[in-house]
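Examination of the molecular architecture
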Amino acid sequence: MNLFPERFFDSVDEVPFQSEYESGVRGIVFDIDNTLVPHGAPADDHAAALFGKLQDIGFRTCLISNNHEQRVRPFAERVGALFECDAGKPLKRGYLKAMELMRTSPEETLFIGDQILTDVWGANRAGIRSFLIRPVSRDTDPLQVKLKRILEIPVLFFFRRREQRKNP
Ligand SMILES: [Mg+2]
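Regarding the pairing of strand β3 (residues 60-64)
In terms of residue burial, β3 counts as a mostly covered element, since 4 of its 5 residues are buried. With helix α2 (residues 45-57) bridging strand β2 (residues 27-30) and the parallel β3, this β-α-β connection has right-handed handedness. Pairing analysis gives 3 bridges linking β3 to strand β4 (residues 82-84), with the strands arranged parallel. Directly across from C62, in β4, lies its bridge partner L82. Once the chain exits β3 it traverses helix α3 (residues 69-79) before rejoining the sheet at β4, and the crossover so formed is right-handed.

Next comes the structure, spelled out in structure tokens:
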């Protein structure tokens, strides 16, 4: 059971997308809530600009969310991404569906999300590299997410310790 992301970033804006493209990544899978916008918020100009930039670089993009179609479809349409709703993270099936939609292999795919026990765990199970993002707004987390964040604390502790040993 691997719960560690490959890397951690304070926001999606810090991810080096261009160098990921140059190293062969062709599809990026995103979580929505608290990765791109506060939980439940609509796609904003910032999110639309990010996806525009990614599509200009040449990436295919797909949103996977455990939320329902009425939440996910309007967001995906605004940013011009493929989507899979009711994805059942941390099960593998949503990630596999995303790769099928983008026509990418696991080696060409990168996942970006804000939760260890759903997003990162599922990506690791599906054999996709995962980047963990600091949540946009913890205040907007529903109760079950707040509880999961308590369980994330020891994982983050050991992840950060490992990172510090790599980069003292
Ligand atoms: Mg999330």
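Section: the pairing of strand β5 (residues 109-113)
When you tally the buried positions in β5, you get 5 out of 5 residues, the bulk of the element. With burial as the criterion, each face of β5 is covered, one bearing T109, F111 and G113 and the other bearing L110 and I112. Where β2 and β5 come together, 4 bridges link them in parallel fashion. Of the residues in β5, the one forming a bridge with V29 is F111. Here β5 runs beside strand β6 (residues 129-133); their pairing, made up of 4 bridges, is parallel. Bridged to G113 within β6 is L132.

A word on the pattern of salt bridges
Summed over all chains, the structure comprises 15 salt bridges. One salt bridge connects D31 with K89, and the closest N-O pair in it is separated by 2.9 Å. Of this pair, D31 sits in the loop between β2 and α2 while K89 sits in the loop between β4 and α4 (93-102); the two residues are 58 residues apart in sequence, bridging distant segments of the chain. Taking the relative accessible area as the measure of exposure, D31 reaches 7% and is therefore buried.

Quick look at the sheet that holds β5
The strands that make up a sheet are held in pairs by hydrogen bonds between backbone atoms, and each pair lies either parallel or antiparallel. Taken in spatial order, the 6 strands of this open sheet run β1-β6-β5-β2-β3-β4, and their pairing is parallel. Strand pairing shows two members of the sheet lacking a second neighbour, β1 (7-9) and β4, which therefore form its edges. Recorded for the sheet is a direction-independent mean angle of 25° between the axes of neighbouring strands. The strands that helix α5 (residues 116-125) touches are β5 and β6; relative to β6, the one it contacts most, it runs at about 165°.

Some points on a nonpolar patch on the surface
A surface patch of nonpolar side chains, about 430 Å² in accessible area, is lined by L143, L147, I150 and I153. Position of L147 relative to the elements: it lies in helix α6 (residues 143-166).

Observations regarding the layout of surface pockets
Its boundaries defined by the atoms lining it, the largest pocket holds a volume of some 280 Å³. Lining the largest pocket are 19 residues; nearest its centre among them are D33, H39, N66, Q115 and V145. Taken together, the elements giving at least two residues each to the lining of the largest pocket come down to α5 and α6. Element by element, the count of residues in the lining of the largest pocket is highest for α6, at 4 residues. Classifying every residue of the lining of the largest pocket gives 2 nonpolar, 9 polar and 8 charged.

The rules behind these values
- Residues numbered from 1 in each chain as written.
- Predicted model: local features only at pLDDT ≥ 70, side-chain atom pairs only at ≥ 80, totals over all residues.
- Heavy atoms only, no water.
- Buried < 20%, exposed > 50% of the residue type's maximum accessible area, 1.4 Å probe, protein only.
- Helix = DSSP H or I, 4+ residues; strand = E, 2+ residues; numbered from the N terminus.
- Right-handed = clockwise from strand over helix to strand, strands pointing away.
- Pairing = 2+ DSSP bridges.
- Salt bridge = Lys/Arg side-chain N within 4 Å of Asp/Glu carboxyl O.
- Axes fitted to C-alpha atoms, helices over the stretch in contact; angles between N-to-C directions.
- Contact = heavy atoms within 4.5 Å.
- Patch = residues over 30% accessible without salt bridge, like charges linked within 9 Å, V, L, I, M, F, W, Y side chains within 5 Å.
- Areas by Shrake-Rupley, 256 points an atom, 1.4 Å probe, with all protein chains shown as cover.
- 1 Å grid on protein atoms, 1.4 Å probe; cavity = no way out; pocket = protein on both sides within 12 Å on 5 of 7 lines; lining within 4 Å.
- Points joined across faces, edges and corners; volume = space filled by probe spheres on them.
- Nonpolar A, V, L, I, M, F, W, Y, C, P; charged D, E, K, R; others polar.

No statement about biological role is implied by the geometric values presented.
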